[in-house]
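# A structural walkthrough
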Amino acid sequence: MQQSSENTRHEVTVEGDEGSQRLDRVLAVRSPDLSRSRLKALILAGQVSVGPAPVRDPAYHVKAGDTITIDVPPAAPAEPEGEDIPLDIVFEDDDIIVIDKPKNLVVHPAAGHETGTLVNALIAHCGASLSGIGGVRRPGIVHRLDKDTTGLMVAAKNDRAHQSLSAQFADHGRTGEMRRGYMAFVWGAPNRKSGTIDQPIDRHPHTREKMAVRQGGRDAVTHWEVLETFTGKDGKPVASLLACQLETGRTHQIRVHLAHLGHPLLGDDVYGSGFKTKARQLGPQSQAALAALGRQALHAYLLVLEHPASGEILHWESPLPEDLVLLEAALRSTD
């Protein structure tokens, strides 16, 4: 690989054992640091040559012994711009960064949240270490947490890491080691110790910003286990702490599934609005802690994945943030 002030040049020699003669497929095997979409864009832009001649056809057939030259332009400046927002960094190297997201931090810029997002913060923090996702100097976000959900998130810093993380999150531990775990404080107490919710999720038929369990929606699977049950003023179970693990990653999945189970999250005004009167069954300390929480009681405490470069299995756990520690202590209190 040669570096210039303008382009980075890669040279690849076709060995004949790549499994296909197509230019794009050979490069996908021989240049794993570049995503397939990025390679296709470079071919179409005339940045790929076979011998001395540029080739603009991804389906062009190469042969063993051909030398392919790829000229990769420098990554374009990120949009949006970076912002100096404090981050709780759990792990970082040349490929990935893992952060413990606080509440009230939106992940992606969007209407109403054009600035002050996690993406803005990562662009500023990572700087030149972002080698570019699809040719743009930006972090590769492969999963999201809602604005008010706290906990562990990982982002890719280059194309290779982005491809690996995307594949791991799509697989969700079915064949690999990847796992995501959440702590969820819910209303009521399930009638068994553990279970699995296997119900499809789609957009709500009437309220577009909400999701709902709907036949014909996308497959969604959530595993849950009761860790603790809390009693109310009458001595009967009023709330529980569940550990949840995802087998899929749908929008609002845990919130929708637990509400469908009949045990919505404490503090979830979207999916648990019908349970507001349950707060009267809580003791004074618990009522005060719930009122002060001001968000759904959900925390992403566990993240396990395979490192995109080394293959090492990495394991992180995040303790409950202060507001949920206070809620837990209040729920345990009899006052």
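A quick note: this is a predicted structure, and the numbers were derived from the prediction, not measured. (Residues numbered from 1 in each chain as written. Predicted model: local features only at pLDDT ≥ 70, side-chain atom pairs only at ≥ 80, totals over all residues. Heavy atoms only, no water.)

This part is about the packing of aromatic side chains. Evaluated as defined, the whole model comprises two aromatic pairs. Each ring, one from Phe91 and one from Trp316, has its centre 5.5 Å from the other, and the planes form 50°; the classification is tilted. Note that Phe91 is positioned in strand S6 (residues 89-92) and Trp316 in strand S17 (residues 313-317), a separation of 225 residues in sequence. The class for Trp316 is buried, based on a relative accessible area of 9%. (Phe/Tyr/Trp six-rings, centres within 6.5 Å; stacked < 30°, edge-to-face > 60°. Helix = DSSP H or I, 4+ residues; strand = E, 2+ residues; numbered from the N terminus. Buried < 20%, exposed > 50% of the residue type's maximum accessible area, 1.4 Å probe, protein only.)

Turning next to the pattern of salt bridges. Across all of its chains, the model carries twelve salt bridges by this definition. Note that Asp24 and Arg22 form a salt bridge whose closest N and O atoms lie 2.8 Å from each other. Note that Asp268 and Arg255 form a salt bridge whose closest N and O atoms lie 2.9 Å from each other. Residue Asp268 is located in the loop between helix H5 (253-261) and helix H6 (284-293), and its partner Arg255 is located in helix H5; the two are separated by 13 residues in the primary sequence. A residue is classified by how much of its surface remains accessible, and Asp268, at 3% relative accessible area, is buried. The exposure class assigned to Arg255 is buried, which follows from its relative accessible area of 6%. Residues joined by salt bridges that share partners form a network here, namely Lys103, Arg295 and Asp323. (Salt bridge = Lys/Arg side-chain N within 4 Å of Asp/Glu carboxyl O.)

Overall, the coordinates contain one cavity of 30 Å³ or more when judged by the stated rule. Roughly 30 Å³ of internal volume is contained in the largest cavity. Around the largest cavity sit His143, Leu145, Leu152, Arg180, Gly181, Tyr182, Ala300 and Leu302, which together line it. Every element with two or more residues in the lining of the largest cavity is listed here: strand S10 (179-187) and strand S16 (298-306). Examining the composition of the lining of the largest cavity, we find that three residues originate from one element, S10, more than from any other. In the lining of the largest cavity, the residues fall into five nonpolar, two polar and one charged. (1 Å grid on protein atoms, 1.4 Å probe; cavity = no way out; pocket = protein on both sides within 12 Å on 5 of 7 lines; lining within 4 Å. Points joined across faces, edges and corners; volume = space filled by probe spheres on them. Nonpolar A, V, L, I, M, F, W, Y, C, P; charged D, E, K, R; others polar.)

Of all seven residues that make up strand S9 (residues 150-156), seven are buried, and the element is covered over most of its length. Here two bridges tie strand S8 (residues 140-141) to S9, and the two strands are oriented antiparallel to one another. Directly across from Gly140, in S9, lies its bridge partner Ala156. Here S9 pairs with S16 via two bridges, running parallel. The residue bridging Thr150 from the neighbouring strand is His299, located in S16. (Pairing = 2+ DSSP bridges.)

Further remarks concern the environment of Ser166. Inspection of the secondary structure puts Ser166 in helix H4 (residues 159-171). Under the relative-accessibility criterion, Ser166 is labelled partly exposed at 31%. Spatially, the C-alpha atom of Ser166 lies 14 Å from that of Pro32, the residues being 134 residues apart in sequence.

So, on to unusual backbone geometry. A positive phi angle, close to 50°, is found at His172, a residue other than glycine. Looking at the secondary structure, you find His172 in the loop between H4 and S10. Judged by its relative accessible area of 9%, His172 falls in the buried class.

To continue, consider the nonpolar core. Judged by nonpolar contacts, the single largest core of 28 residues is most densely connected at Tyr182, Cys244 and Leu258. Secondary structure elements with two or more residues in this core: strand S7 (96-101), helix H3 (118-126), S9, S10, strand S14 (221-231), strand S15 (237-246), H5 and S16. With five residues, H3 is the single largest residue contributor to this core. Non-local contacts of Leu258, meaning those with residues more than four positions away in its chain, are made with Ala184, Val186, Ile197, Leu242, Cys244, His263, Pro264 and Leu265. Ranked by size, the runner-up nonpolar core spans 22 residues in total, among them Met183, Leu241, Leu290 and Val304. (Core = buried A, V, L, I, M, F, W, Y, C linked by side-chain atoms within 4.5 Å. Contact = heavy atoms within 4.5 Å.)

Any functional reading would require information that these geometric values do not contain.
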